[in-house]
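These are the residues of each chain, in order.
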2 protein chains.
Amino acid sequence: MPSYTPPLRDMQFVLHELLGAVDQLKAIPRYADVDAETMDAVLEEAGKFAAGVLHPINLSGDAEGCTLDKTHHTVTAPKGFKEAYQQYVEGGWPALSCDPQYGGQGQPMVMNTCVFEMLNSANQAWTMYTGLAHGAYAALHAHGSDMQKKLYLPKLVSGEWTGTMCLTEPHCGTDLGLLRTKAEPQADGTYKITGSKIFISAGEHDFAPNIVHLVLARLPDAPKGSKGISLFIVPKFKLKADGSPGERNPIVCTGIEHKMGIHGNATCQLSLDGAEGTLVGEPNKGLMAMFVMMNGARLGVGNQSLGLTEVAYQNALAYAKDRLQMRSLSGPKAKDKPADPIIVHPDVRKMLLTAKAYAEGGRALATWCALLLDQAEHHPDQKTRQDADDMVALLTPIVKAFLTDNGFTATNTCMQVFGGHGYIHETGAEQFVRDARINMIYEGTNTVQALDLLGRKVLLNQGATLKKVGAQIEALIRAEGVNESMAEFINPLAGLADKFTKFTTEIGFKGMTNPDEVGAAATDFLRVAGHLVFGYLFARMASVALKQIAAGNADPFYAAKLQTARFYFARLFPETATLMITARAGAANLLDTEAALA
Amino acid sequence: MPSYTPPLRDMQFVLHELLGAVDQLKAIPRYADVDAETMDAVLEEAGKFAAGVLHPINLSGDAEGCTLDKTHHTVTAPKGFKEAYQQYVEGGWPALSCDPQYGGQGQPMVMNTCVFEMLNSANQAWTMYTGLAHGAYAALHAHGSDMQKKLYLPKLVSGEWTGTMCLTEPHCGTDLGLLRTKAEPQADGTYKITGSKIFISAGEHDFAPNIVHLVLARLPDAPKGSKGISLFIVPKFKLKADGSPGERNPIVCTGIEHKMGIHGNATCQLSLDGAEGTLVGEPNKGLMAMFVMMNGARLGVGNQSLGLTEVAYQNALAYAKDRLQMRSLSGPKAKDKPADPIIVHPDVRKMLLTAKAYAEGGRALATWCALLLDQAEHHPDQKTRQDADDMVALLTPIVKAFLTDNGFTATNTCMQVFGGHGYIHETGAEQFVRDARINMIYEGTNTVQALDLLGRKVLLNQGATLKKVGAQIEALIRAEGVNESMAEFINPLAGLADKFTKFTTEIGFKGMTNPDEVGAAATDFLRVAGHLVFGYLFARMASVALKQIAAGNADPFYAAKLQTARFYFARLFPETATLMITARAGAANLLDTEAALA
């Protein structure tokens, strides 16, 4: 059975020592009262819930999966999921970072992000139920009418109800412009919605008395394509006059998918047969409204893989210390035992450190992004808000794609540490791989993220946003470039930053004559950008650690951080050498392939 | 539902145009009668069986899995598996490359390898049943007594019985020196064998009246460690005087594993409780005898991933042409349709071509290796035999590890092409990934392969074997270096060959003072070696294609081959840029990590 220990110490390091989160938050009036002790205490409590309640039902939830009663269109989640959700609601967790006006606790997003990392580590399939509810909250909070907010937000904030995003249809996922679900206006101002949705995560279950479906559909007079899509609230049970669930709305689950992983989450086919809904925001502007939810969801997906990376690492590390097999190449290390623990082998350590570095780099990035989100939403200074918003926009596709690619790599190397035992369900290692695999696909495939980053976030504004992140990296290089003990980190970072700037200009020019050049370079570009940001954060983390060590701090945490940073720069960061070659390889070797792909 | 078309044209290209297999085989007296038409006809028939019989029960076999009756210790394979096996036996396929003395057809290994690629594409889980039987045949053919051969080989050759390799125990997999199963000599010359084995593929099933278990165990007076292991035949049913199955032997299946993939193959826990066995070969030399089986099995595992790469590619390609989603970045390509097929997108093509290049490179390598095996075993010239044997020894860990790593990458990129639909069981894409995952683990993890390659096959003989392969690469570079149209292939190949030679010397020196340096470099070294061999083979394939095109051959197959080779050198081969950095990064960043891995 796998186990999980919340990485509280590293979270504290990132929040307090790397990012100075408390000071940054205190500059925002609504967070003037935050203090480190309270933050740490909340994370500790969340960690207890994750490790104590959610993780014990993760492996069993995977084995059991969800069950659909086709007659009554009801779905039963795996054993213990409903009870865990009740505890979660009783603990007030859904309200953590929600608006106090609707019953929320008004805590910063950065806390919510740390909490969700732990929930994801413990049980991604379970966490999706609450994650989607939070997404529905965010979309309605941004775009709902006063009446809609009043009716739905308190229930979503308390966690009494959950939510979904109903976008995908059998013939369209990425290309929502093709969607066919129809919304017909009724005399009373509501709409009758008819169509078929698929891949609706948490689309039906047994642990809330109502589900708030946010559904994309087309009005009768809507323009074709993505400019003719509107957003609707379609509750599972229509609301009575007092706001309580009444009559069943004809939006029903007709099937659940048999998936590679996240078995504990019901991935539903939903059939809408004149289901009653109300319009959210303006007609035909549904995609924009949904993007509020989607951007948050993309950061959330990166966070899912961060969580899986951490838990996979912890279990592989424990196994590598315990499993005795062969002797170290440089002579026996555990002479009193029949063989050495496999952690003595350099390649096993490489697999472990890969996961550890990806977890720590990912945590630093996800937490930084969340802090930027808090600034973007609530900082009193307009320029600070704008800068933070721009940087989050740029970093979001990196968090989504880089962290999920890394998470798949990491869960796989951790599974490999287990040898044959990793292929067996009981150790849990292979579940992490299967669960992690979806994260590269949903909420916009990683190819879509790469095109979003290079095409929209970088080239469309001539690199203006990129320069904002670049300025921070350059400032670090200037400040630490004179510090000899930082040379092993700053030199490779500076080298890449220089090449990256030139390459961005180059691809911008090439893309002007042939947009396919952008498509041919985008995924490699995103991974280079990811390493640039990780390199920046690892250099900063190393700097903090070096200062503590120089000051005589004997906490082995700092030595560990330094070793991880060294490993990262020696073994993972050099991936950029290949990426800079392939990113510049041009589109011809992909497009002049009609015969090969015939 | 996935589909499969045997890649007969590419097999013919590799056999006849790339390797000149017929001429090479004709130089071996026992293969003097081979001819291209017969070879092609046999492959065509095998392809029909694979595509028509095995592939239709692949997805259903994965969903159903194997069932253990705990009371009677019987295992039922998925629906259709038994019937397919009967057809396979009736078709005479198990005998294809077996010794005519025992009823075999005496065809070269190179044919068997091509046949098995197709079986693996169609249904890896099913194919393992017959693959292990062939392994047992090979081990007994090499090390069995005349009586053992007479009793067992005809049954294994005909396929009437199947076989297994019983190595792993709960506390030992890689480190067989730790194994505990005991063999006690009996007065009649047999042995009573007692112990527990796990992870025994095809260990129990319902489609043969007997199973020939090859079991590693320890004699009472055996030396400790790997030098005290002996090999035994332990049939599921003891043989009566006439050689037919008699009394049940107490070697029983007590459990089957719940695995990530290859659900159709029963992975058994076997309990031996004084089971009767006979010694194979000399006492305490069992590991050596088993290695005959294991070397063949390692090539076989590479072939499994080759098969999965091919079938994953075919299905992803078909989907990419069919699925309409978004428009090409450079303007609509299918203007009459609501969106373009996703194959217009450069990144989708990259994913497809990655799989295609890995399939074609893998096929060239696996087939070359098999031809070398035929020479190593049966060529009349002693030096030719020795050279071929040395090269196979060197290439075996590359086939096992490089092809299985590539196969995992390829099945994953192909799954990604399907977007969300790839995560769903019905498309079959995710099964290929799950099945491919075990290939990186069993028959020696890929780390073990890397240590075998660098430590034993390269450094132990001061690079002598490596030079034999290197000489072939150098000859190609010399011959084609003057040819301008080959420069795009020869230049990068020559560049890497040069660096590789220097690096091998460097790591040899470092390893002498610290063996952990070998462990720290081995996996990267193996991947570089893999690309060197793939680069060599792709350059040769490009050369064949260029000559045909220059001669006016309009078959689009040659244009396709050239495009694939170009893609390979532009997009996959550059991985070596990073690998040459990380392979030289040294052991310190892995070993000086006590704090990080605390």
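About the thresholds
Along every chain, residues carry numbers that run from 1 in the direction the sequence is written. As a convention, the first chain written is A and the first ligand written is 1, with the rest following in written order. Selection of residues for local features in this predicted model requires a pLDDT of at least 70, selection of side-chain atom pairs for listing and counting requires 80 or more, and totals for whole chains, interfaces and linings are taken over all residues. By convention in this description, side-chain values take in all heavy atoms of the structure and omit both hydrogens and water. Here the copies were fitted onto each other by least squares, based on C-alpha atoms from residues at pLDDT of at least 70 in both. Centre distance within 6.5 Å is the pairing criterion for rings of Phe, Tyr and Trp, where only the six-membered ring of Trp is used; planes under 30 degrees apart are then read as stacked, over 60 as edge-to-face, and the remainder as tilted. By the criteria applied, helices consist of DSSP H or I runs no shorter than four residues and strands consist of E runs no shorter than two, each listed in order from the N terminus. Only when the NZ atom of a Lys or the CZ atom of an Arg is both within 6 Å of the ring centre and within 35 degrees of the ring normal do we say a charge sits over the ring. UniProt positions are given in the numbering used here, feature names are shortened, and annotations may be inferred rather than shown by experiment. The contact rule is simple, with two residues in contact once any of their heavy atoms fall within 4.5 Å. In short, buried area is how much 1.4 Å probe accessible area vanishes from two parts on joining, totalled over both. Salt bridges are identified by distance alone: a Lys or Arg side-chain nitrogen within 4 Å of an Asp or Glu carboxyl oxygen. The definition of a polar contact used here is a pair of N or O atoms within 3.5 Å, where within protein one atom must be able to donate a hydrogen and the other to accept one, and adjacent residues in sequence count solely through side-chain atom pairs. Three classes are used, and their members are as follows: Ala, Val, Leu, Ile, Met, Phe, Trp, Tyr, Cys and Pro are nonpolar, Asp, Glu, Lys and Arg are charged, and the others, Gly among them, are polar. Strand pairing follows a simple DSSP-based rule, namely that at least 2 bridges must link the two strands. All axes here are fitted lines through C-alpha atoms, helices being fitted over the stretch that makes contact, and every angle between N-to-C directions spans 0 to 180 degrees. Note on terminology: angles under 35 degrees are roughly parallel, angles over 145 are roughly antiparallel, angles of 65 to 115 are roughly perpendicular, and the others are oblique. Under the convention used throughout, the expected extent of a helix is 1.5 Å for every residue step, that is, one less than its residue count. To obtain the bend at a residue, axes are fitted to the seven residues ending there and to the seven starting there, and the angle between these axes is taken. To count as a disulfide, a pair of cysteine sulfur atoms needs to be within 2.5 Å. Burial classification: accessible surface area is computed with a 1.4 Å probe over protein chains only, and a residue below 20% of its type maximum counts as buried, one above 50% as exposed, and the rest as partly exposed. By the definition used in this description, the sense in which the near helix is turned from the far one sets the handedness, with an anticlockwise turn below a right angle giving left-handed and a clockwise turn giving right-handed.

Structural notes on the relation of the copies chain B and chain A
Part 1: When chain B is brought onto chain A, the operation consists of a screw motion whose angular component is 180 degrees and whose axial shift is 0.0 Å, with 0.0 Å RMSD remaining. Such a turn and shift between the copies fits a two-fold axis. Taking C-alpha positions as reference, the residue of chain B nearest the rotation axis is threonine 578 of chain B, located at 2.7 Å.

Points about the packing of aromatic side chains
Part 1: Following the criterion strictly, the structure yields 51 aromatic pairs over all chains and no others.
Part 2: Seen in terms of ring centroids, phenylalanine 534 of chain A and tyrosine 568 of chain A are 6.2 Å apart; in terms of plane orientation they differ by 55 degrees. Their pairing is tilted. With phenylalanine 534 of chain A in helix α15 (residues 515–550) and tyrosine 568 of chain A in helix α16 (residues 556–572), the pair connects residues that are 34 residues apart, well separated along the chain.
Part 3: Three or more aromatic residues joined by ring pairs form one cluster here, namely Tyr358, Phe402, Phe489, Phe534, Phe538, Tyr568, Phe569 and Phe573 of chain A.
Part 4: Looking at arginine 437 of chain A, its charged tip hangs above the ring of phenylalanine 408 of chain A, at a distance of 5.4 Å from the centre.
Part 5: Taking NZ or CZ as reference, arginine 9 of chain B lies 4.1 Å from the ring centre of phenylalanine 557 of chain B, over its face.

A short note on the UniProt feature "domain: Acyl-CoA dehydrogenase/oxidase N-terminal" (unreviewed entry) in chain A
Part 1: The feature "domain: Acyl-CoA dehydrogenase/oxidase N-terminal" (unreviewed entry), as given by UniProt, occupies residues 82–160 of chain A in the numbering adopted here.
Part 2: Spanning residues 82–160 of chain A, this segment combines 72% helix with 0% strand, and its end C-alpha atoms are found 12 Å apart.

Some details on the interface of chain B and chain A
Part 1: Across the contact, 94 residues belong to chain B and 94 residues belong to chain A.
Part 2: Summed over both partners, the interface of chain B with chain A buries about 7,600 Å², with 59% contributed by carbon and sulfur atoms.
Part 3: It is Tyr423, Arg571 and Leu597 of chain B in chain B that bury the most area against chain A; as a group they hold 11% of the surface buried on that side.
Part 4: Between the two partners, chain B and chain A, sit six salt bridges.
Part 5: A salt bridge links glutamate 594 of chain A to arginine 349 of chain B, with the shortest nitrogen-to-oxygen separation between them at 3.0 Å.
Part 6: For the pair chain B and chain A, the interface holds 69 residue pairs in polar contact (both at pLDDT 80 or more).
Part 7: Here the side of chain B that touches chain A is built from residues that sort into 46 nonpolar, 28 polar and 20 charged.

Observations concerning the pairing of strand β4 (residues 182–185) of chain A
All names here are of chain A.
Part 1: In the sheet, β4 pairs with strand β5 (residues 191–201) via four bridges, with the strands oriented antiparallel. Paired with lysine 182 across the strands is threonine 194, a residue of β5.
Part 2: Counting the residues between successive antiparallel strands, the hairpin from β4 to β5 contains five residues, one of them, glycine 189, with a positive phi of roughly 90 degrees.

Considerations on the packing of helix α3 (residues 36–54) of chain B against helix α6 (residues 109–143) of chain B
Residue and element names in this part refer to chain B.
Part 1: α6 packs onto α3 with a crossing angle of 5 degrees between their chain directions and a minimal axis gap of 10 Å. The angle between the axes of α3 and α6 places the two elements in the roughly parallel class. Residues Met39, Val42, Leu43, Ala46, Gly47, Phe49, Ala50 and Leu54 of α3 touch α6, and the partners they reach there are Val110, Met111, Cys114, Val115, Met118, Leu119, Ala122, Asn123, Trp126 and Thr127.
Part 2: Per-class residue counts for the contact of α3 with α6 are 15 nonpolar, three polar and no charged.

Observations concerning helix α12 (residues 446–459) of chain B
Part 1: Taking 1.5 Å per residue, 14 residues should reach 20 Å; α12 of chain B reaches 18 Å between its end C-alpha atoms and fits that length.
Part 2: Along its length, α12 of chain B shows its largest kink, about 30 degrees, at aspartate 452 of chain B.

A closer look at the state of the cysteines
Part 1: Under the criterion given, the structure shown has zero disulfides over all chains.
Part 2: No disulfide involves cysteine 66 of chain A; its sulfur sits 7.7 Å from that of cysteine 268 of chain A, the nearest cysteine.
Part 3: Note on cysteine 66 of chain A: relative accessible area 16%, which makes it buried.
Part 4: Here cysteine 172 of chain B stays free of any disulfide, with the sulfur of cysteine 166 of chain B as its closest cysteine sulfur at 13 Å.

Overview of the pairing of strand β6 (residues 211–217) of chain B
All names here are of chain B.
Part 1: Buried residues dominate β6, accounting for seven of its seven residues.
Part 2: Neither face of β6 is left uncovered, since the one carrying Ile211, His213, Val215 and Ala217 and the one carrying Val212, Leu214 and Leu216 both have all their residues buried.
Part 3: Direction of pairing for strand β3 (residues 162–166) relative to β6: parallel, over a ladder of five bridges. By the bridge assignment, cysteine 166 is partnered in β6 with valine 215.

Structural notes on the packing of helix α5 (residues 81–90) of chain A against helix α6 (residues 109–143) of chain A
All names here are of chain A.
Part 1: In contact at an axis separation of 11 Å, α5 and α6 are set at 115 degrees when each is read in the N-to-C sense. By the angle between their axes, α5 is roughly perpendicular relative to α6. Two packed elements cross with a definite hand, and for α5 against α6 that hand is left-handed. In contact with Phe81, Ala84, Tyr85 and Tyr88 of α5, α6 contributes Phe116, Leu119, Asn123, Ala125, Trp126, Tyr129 and Thr130.
Part 2: Looking at the contact of α5 with α6, its residues break down into nine nonpolar, two polar and no charged.

Examining unusual backbone geometry
Part 1: You will see that methionine 326 of chain A, though not glycine, has its phi angle at about 65 degrees, which is positive.
Part 2: Relative to the assigned elements, methionine 326 of chain A resides in the loop between α8 (286–322) and α9 (346–378).
Part 3: Looking at methionine 326 of chain A, the relative accessible area reads 35%, which means it is partly exposed.
Part 4: Phi angles above zero are rare outside glycine, and asparagine 284 of chain B is one such case at about 65 degrees.
Part 5: Take asparagine 284 of chain B: it is sitting in the loop between β11 (267–280) and α8 (286–322).

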